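Structure at a glance
Read off the chains here:
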Amino acid sequence: MRSLRSGLSPASLLTGAATLVTLGALLVAAPAAQAADTPLRDLAAAKGKAIGTAVTGSKLTGTYGDIAGAQFNWLTPGNAMKWETVEPSRGTYNWAEADQIVAFAQAHNQQVRGHTLVWHSQNPGWLANGTWTPAELSTLLQDHISTEVTRYKGRLAAWDVVNEPFNEDGTYRSTLWYNGLGADYIAQALTWARAADPSAKLYINDYNVEGVNAKSTALYNLVKSLKERGVPIDGVGLQAHLILGQVPATFQQNIQRFADLGVDVAITELDIRMQLPSTEAKLTQQAADYKAVLDACVAVARCTGVTVWGFTDSDSWIPDVFTGYGAATPYDENYVPKPAYYAIATALGGTTTPPTGACSATYSVASQWNTGFTGQVRIACSGAALSAWRVSWSFGAGQQITQAWNATCAQTGAAVSCVNASYNGTVPNGGSVTFGFNAAWSGSNPVPVVTVG
Ligand code: G2I
């Protein structure tokens, strides 16, 4: 029996139990006793590198918040600082989620990467669907950059000022900005951002620019010319939305050539997607891929660090966009660290031996009424498998099971023990099984600590 390898102490897990009542979930993983690991952020700091994650503000409580705070030293708001979020109708601003993330970062001694000021996507309807003269567009863009950068002045370490300006062949992407203002919208945006916050490092960020190719060469030539013109540009962001087994062979060489131009390089949105279901072999390959990315960054002094685009498979954009793909992040959807997590730790100088695998149980209250509730328990395995299972917990407030399905449950006093039905004992590596129950409650209905074996 071991507690979650997430940088959480058993005590904080128990504290988490109280806060998680609202979330209706608590996870405990099996097996393999192991000493607590050094958090990724401490390993990264010792190497002078950033280890970051994209986050969703509303999720920064419970286990998600605990891991985001404990393991990472940089945060990027996944959507909270995009134009459609901060100015949904013209002149009406909504900074709530962005403010929340910045406050969380400050409370956890983390740096923030602002994302993103100038993009073709996730612009508000009033902007995207409007008809604008070049002069109007220029004013709109300058106002947007000045307003947002000034709001967080001195509090963000870096900004992805311009996002995804290139096509795959290295030509400029046809966007609202390029079509209206020409390629110099990039230089103008950088200049306005610098004026609003001279201390933030200013980046151009793009995808499919990890290896040496036509697109990355266009980015290289742009940065070179901006530097020559004296336009403020401090770094390039290589997003790194990668596919299993396809880390470009020229990754480190590409990072190095940007560094040689005199700019920093950040890996800004790393994830490595695979065709589902995940298997042990795929997770092992993914770990090797994560390590290759981290190794390349660690090897180049001007590579400032690596940000993952969501740290858990439960908070990843991949399944929504690439049908049949997923499992792209370092933690599974039950917050159990995957081989990729240990690969990151290893690349950052950690010495932990990854466990051979784990199965975890997630308890949630599916619905609740004045005298009863329906509970649900999901057993999921990653890097391990079960051929039979028993899930146990102790009801702390007199709750009493009345009925169960897809499991046989027995309760003696507070102690509940549920074993698999004849047909669902097998939980394959990368798979899950769910069972449910009804129970009576009164007074309070706290979420128990659940163990699986
Ligand atoms: O598309 C992946 C990333 C590529 N590079 C730039 C990043 O900013 C981008 O992030 C993703 C977010 O992770 C997604 O969460 O950008 C997507 C939009 O292009 C985001 O997806 C959107 C959904 O499409 C919307 O339906 C949803 O309302 O997220 C929104 C907020 O959850």
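Please read these numbers as outputs of a predicted model, since none were measured by experiment. (Residues numbered from 1 in each chain as written. Predicted model: local features only at pLDDT ≥ 70, side-chain atom pairs only at ≥ 80, totals over all residues. Heavy atoms only, no water.)

What follows deals with the overall build of the protein chain. Scanning the protein chain for helices and strands turns up 14 helices and 19 strands. Compactness check: the protein chain gives a C-alpha radius of gyration of 24 Å against a globular reference of 22 Å for 453 residues, within 12% of the reference. If one aligns the C-alpha atoms of the protein chain with their principal axes, the spans along those axes are about 75 × 45 × 35 Å. Looking at the protein chain residue by residue over its 453 residues, the buried ones come to 55%. Long-range pairs, those at least 24 residues apart, make up 76% of the contacts in the protein chain between residues at least 6 apart in sequence. Here the protein chain displays about 17400 Å² of accessible surface, and carbon together with sulfur accounts for 52% of that area. Positive and negative side-chain charges in the protein chain, numbering 27 and 32 respectively, have mean positions lying 4 Å apart. (Helix = DSSP H or I, 4+ residues; strand = E, 2+ residues; numbered from the N terminus. Rg over C-alpha atoms; globule rule 2.2 N^0.38 Å. Buried < 20%, exposed > 50% of the residue type's maximum accessible area, 1.4 Å probe, protein only. Contact = heavy atoms within 4.5 Å. Areas by Shrake-Rupley, 256 points an atom, 1.4 Å probe, with all protein chains shown as cover. Lys, Arg positive; Asp, Glu negative; His and termini not counted. Charge placed at Lys NZ, Arg CZ, Asp CG, Glu CD.)

The subject of this paragraph is the pairing of strand E10 (residues 303-308). Within E10, five of the six residues are buried, which leaves it mostly tucked inside the rest of the structure. Relative to E10, strand E9 (residues 264-275) runs parallel, the two being bridged by four bridges. From the neighbouring strand, Ala266 faces E10, where its bridge partner is Gly305. Once you follow E9 into helix H12 (residues 280-299) and on to E10, the crossover reads as right-handed. (Pairing = 2+ DSSP bridges. Right-handed = clockwise from strand over helix to strand, strands pointing away.)

It is worth spelling out the site of the ligand at this point. Inspection of the region around the ligand gives 13 residues, with Lys82, His115, Glu164, Glu269 and Trp309 positioned closest. Here an oxygen atom of the ligand and a side-chain polar atom of His115 are 2.7 Å apart. Within the side chain of Glu269, one N or O atom sits 2.6 Å away from a nitrogen atom of the ligand. Protein chains shield 56% of the accessible area of the ligand, which is 620 Å² for the free molecule. Among the residues forming the shell around the ligand, the class breakdown is three nonpolar, seven polar and three charged. (Near = heavy atom within 4 Å. Polar contact = N/O pair within 3.5 Å; in protein donor to acceptor, adjacent residues only side chain to side chain. Nonpolar A, V, L, I, M, F, W, Y, C, P; charged D, E, K, R; others polar.)

Attention now goes to the packing of helix H11 (residues 251-260) against H12. Direction vectors running N to C along H11 and H12 enclose 30°, while the axes themselves pass 9 Å from each other. In terms of orientation, H11 lies roughly parallel with respect to H12. Here H11 and H12 pass one another in a crossing that is right-handed. Residues Phe251, Gln252 and Ile255 of H11 form the contact with H12, whose participating residues are Val293, Ala296, Cys297 and Ala299. Across the contact of H11 with H12, the residue classes break down as six nonpolar, one polar and no charged. (Axes fitted to C-alpha atoms, helices over the stretch in contact; angles between N-to-C directions. Parallel < 35°, antiparallel > 145°, perpendicular 65-115°, else oblique. Left-handed = near helix turned anticlockwise from the far one by under 90°.)

What follows is about the nonpolar core. One broad rule of soluble globular proteins: the nonpolar side chains tend to lie buried together. Membership of the largest hydrophobic core comes to 93 residues, with the highest contact counts inside it found for Ile267 and Leu270. At eight residues, helix H9 (residues 185-196) tops the list of elements feeding residues into this core. In this structure Leu270 touches Gln239, Ala240, Leu242, Tyr290, Val293, Leu294, Val306, Thr307, Val308 and Trp309, once residues within four positions along its chain are discounted. If you look at the next biggest cluster of nonpolar residues, it comprises 25 residues, including Cys359, Val377, Leu386 and Phe395. (Core = buried A, V, L, I, M, F, W, Y, C linked by side-chain atoms within 4.5 Å.)

Spanning 20 residues, H12 covers 28 Å between terminal C-alpha atoms, matching the ideal 28 Å at 1.5 Å per step. Taken together, the buried positions of H12 are occupied by Leu283, Gln286, Ala287, Asp289, Tyr290, Val293, Leu294, Ala296 and Cys297. Close packing links the buried residues of H12 with strand E8 (241-243), H11, E9, E10, helix H14 (339-347) and strand E13 (372-382). (Expected span 1.5 Å × (residues − 1).)

Attention shifts here to the state of the cysteines. Under the definition given, this model contains three disulfides. There is a disulfide in this structure between Cys359 and Cys381, and the S-S distance comes to 2.1 Å. Between Cys359 and Cys381, the S-S torsion sits near 110°, and that sign places the bridge as right-handed. Placement of Cys359 in strand E12 (residues 358-368) and of Cys381 in strand E13 is noted, with a sequence separation of 22 residues between them. (Disulfide = S-S within 2.5 Å.)

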